[in-house]
Amino acid sequence: MVQSITLDTATQLIEAAKEKAEEIDNPMVIAVTNSEGNLIAQHRMDGAWLASVSISRNKAYTSAALDMPTHELAEPSEPGNSLYGLQTTDEGRIVIFGGGYPLMNEEGDVVGAFGVSGGAVSQDMEVAEAGVEHWESIRGDL
């Protein structure tokens, strides 16, 4: 089994994403899961949409379950493509739009995942990428 990130690390990643959300003035819900998509930590900023609680968690789950960013699922899930209907599977937990990213260790194994929801997809991705960038800057030190 691949070692998962710790609660302390998850909290650091959430803080990095939260700073970006504050910078763009958009309250978000930020979730971090382990490599199996189970929640480690989640933070709902004041004013963030209630629906974003489950959406952010499901974005992280999707990234962990499929080892890829959620935005990469959009095109393959369109009608006529090989993954059409994917978002209706797995008890509706699969998300096919941006804001979810796997967290990889230096060997390329998924050790966690990041999910952000609360704004336009481009904003969700921007905030999530801030958390992923922080992960990439500290993962070798852990």
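Scroll up a little and you will see the structure.
Residues numbered from 1 in each chain as written. Predicted model: local features only at pLDDT ≥ 70, side-chain atom pairs only at ≥ 80, totals over all residues. Heavy atoms only, no water.

## A few points about the packing of aromatic side chains
With the rule as written, the count across this model stands at zero aromatic pairs. The side chain of Arg93 reaches across the aromatic face of Tyr61, ending 3.7 Å from its centre. (Phe/Tyr/Trp six-rings, centres within 6.5 Å; stacked < 30°, edge-to-face > 60°. Lys NZ or Arg CZ within 6 Å of the ring centre and 35° of its normal.)

## Comments concerning the pattern of salt bridges
Evaluated as defined, the whole model comprises three salt bridges. Across the pair Lys20 and Glu23 runs a salt bridge whose closest N-O atoms are separated by 3.1 Å. In this pair, Lys20 and Glu23 are both assigned in helix H1 (residues 7-23), three residues apart and thus about one turn of the helix distant. Relative accessible area serves as the criterion here: at 60%, Glu23 is assigned to the exposed category. Via salt bridges that share partners, Lys20, Glu23 and Glu126 belong to a single interconnected network. (Salt bridge = Lys/Arg side-chain N within 4 Å of Asp/Glu carboxyl O. Helix = DSSP H or I, 4+ residues; strand = E, 2+ residues; numbered from the N terminus. Buried < 20%, exposed > 50% of the residue type's maximum accessible area, 1.4 Å probe, protein only.)

## Here's the deal with the environment of Ala74
With respect to the helices, strands and loops of the structure, Ala74 is situated in the loop between helix H2 (51-66) and strand S3 (100-104). Put simply, Ala74 and Gly118 are 44 residues apart on the chain and 19 Å apart in space, counted from C-alpha to C-alpha.

## A look at the side chain of Asp124
Examined against the element boundaries, Asp124 turns out to sit in helix H3 (residues 121-138). Relative accessible area serves as the criterion here: at 2%, Asp124 is assigned to the buried category. Once residues lying within four places of it in the same chain are set aside, the contact partners of Asp124 are Met28, Lys59, Gly98, Gly99, Val116, Ser117, Gly118 and Gly119. (Contact = heavy atoms within 4.5 Å.)

## Comments concerning the nonpolar core
Among the nonpolar cores identified, the biggest contains 22 residues, and Ile5, Leu103 and Phe114 are the most heavily contacted of them. Going through the elements one at a time, H1, strand S1 (29-34), S3, strand S4 (110-117) and H3 are the ones with two or more residues in this core. The greatest single-element share of this core, amounting to six residues, is contributed by H3. With five residues, the next largest nonpolar core counts Tyr61, Leu86, Ile94 and Ile96 among its residues. (Core = buried A, V, L, I, M, F, W, Y, C linked by side-chain atoms within 4.5 Å.)

## Details of the pairing of S1
Burial analysis of S1 places six of its six residues in the buried class, which makes it a mostly covered element. Burial of the side chains of S1 extends over both faces: Val29, Ala31 and Thr33 are buried on one face and Ile30, Val32 and Asn34 on the other. As consecutive antiparallel partners, S1 and strand S2 (residues 39-44) are separated by four residues, and within that stretch Gly37 has a phi angle of approximately 85°, a positive value. Relative to S4, S1 runs antiparallel, the two being bridged by six bridges. Bridge pairing links Val32 to Phe114 in S4. (Pairing = 2+ DSSP bridges.)

Keep in mind that these numbers describe shape and distance, not what the molecule does.
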